[in-house]
Amino acid sequence: MIRRTTWRPDTCGCVIEFEWDDSQPEDSRQTTPVRGISVCSLHQDLNTQEQYNALIEDNSRKNKVEQMLAELLPELTDTVQDVDKNPVKVLKKPLEHKYLPGRILEIKLPSEIQGKKVIENELHARLKESMKVVVV
Ligand SMILES: [Zn+2]
């Protein structure tokens with residue numbers, strides 16, 4: 001059965017509706033954007049498919065960066081168990097983030113964290129796409 005879901009990513013103000021088929025297995029399920037319900041200023045020049053692709057990319061970059069920061073800055077993390085009971089580090093509290101024009105991710109670290117430029121360079125190296133994330 002075809003189902004529709006409304007997605008409000010936490011990375012910008014966009015709201016988009018997409019379709020998926022619940023008869024497909026979850027790990028290989030295709031999703032198809034149907035319409036942009038609302039479009040933020042960063043994504044206003046995109047058609048619905050491009051908007052959807054951009055939202056996935058922006059959201060996944062933010063998630064990757066948070067995961068990397070959890071590895072780089074153990075003082076910001078707690079260790080919890082994943083579903084297989086393996087220890088994983090997670091951020092104690094979410095970091096402030098926003099996307100700047102050009103879809104550059106800005107992450108705000110707590111003021112006591114030193115060496116933000118070093119951390120930013122490490123993120124660039126790990127992401128292999130420099131200038132797409134800045135640390136403040
Ligand atoms: Zn947006």
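Position numbers for residues count from 1 along each chain, tracking the sequence in the order it is written. Given that this is a predicted model, residues contribute local features only at a pLDDT of at least 70 and side-chain atom pairs are listed and counted only at 80 or more, while totals for whole chains, interfaces and linings are drawn from all residues.

A. Representation of the overall build of the protein. From N to C terminus, the protein includes two helices and eight strands. Each helix is a run of DSSP H or I of at least 4 residues and each strand a run of E of at least 2, with the numbering of both proceeding from the N terminus. Along the protein, helices and strands appear, N-terminal first, in the series β-β-β-α-β-β-β-β-α-β. Partitioning the contacts of the protein with sequence separation of at least 6, the portion at a separation of at least 24 is 40%. Contact definition: two residues whose C-beta atoms, as placed from backbone geometry, lie within 7 Å.

B. Layout of the packing of helix H1 (residues 48-72) against helix H2 (residues 116-127). The geometry of H1 relative to H2 is characterised by a closest axis approach of 11 Å and an angle of 125° between their N-to-C directions. Taken together, the axes of H1 and H2 lie oblique to each other. Seen from above, H1 lies across H2 with right-handed handedness. Listed contacts from H2 to Lys64, Val65, Met68 and Leu72 of H1 are Ile119, Glu122, Leu123, Arg126 and Leu127. Here the term charged refers only to Asp, Glu, Lys and Arg, the term nonpolar to Ala, Val, Leu, Ile, Met, Phe, Trp, Tyr, Cys and Pro, and the term polar to all other amino acids, Gly among them. Partitioning the contact of H1 with H2 into residue classes produces six nonpolar, no polar and three charged. Fitted lines through C-alpha atoms give the axes, limited to the stretch in contact for helices. The angle between two N-to-C directions lies from 0 to 180 degrees. Comment on the angle field: the value is read as roughly parallel under 35 degrees, roughly antiparallel over 145, roughly perpendicular from 65 to 115, and oblique elsewhere. Each crossing is labelled by how the near helix is turned from the far one, with a counterclockwise turn of less than a right angle marking it left-handed and a clockwise turn marking it right-handed.

C. Broad picture of the environment of Phe18. Structurally, the position occupied by Phe18 is in strand E2 (residues 15-21). For Phe18, a count of 19 C-beta atoms within 10 Å translates into the label partly exposed. Note: C-alpha distance between Phe18 and Lys98 (80 residues apart in sequence) is 23 Å. Every residue in contact with Phe18, bar those within four places of it in the chain, is listed here: Thr5, Trp7, Thr31, Thr32, Pro33, Val34 and Tyr52. For every residue, the other C-beta atoms within 10 Å of its own C-beta are counted; 20 or more classify it as buried, 12 or fewer as exposed, and values in between as partly exposed. C-beta atoms are placed from the backbone.

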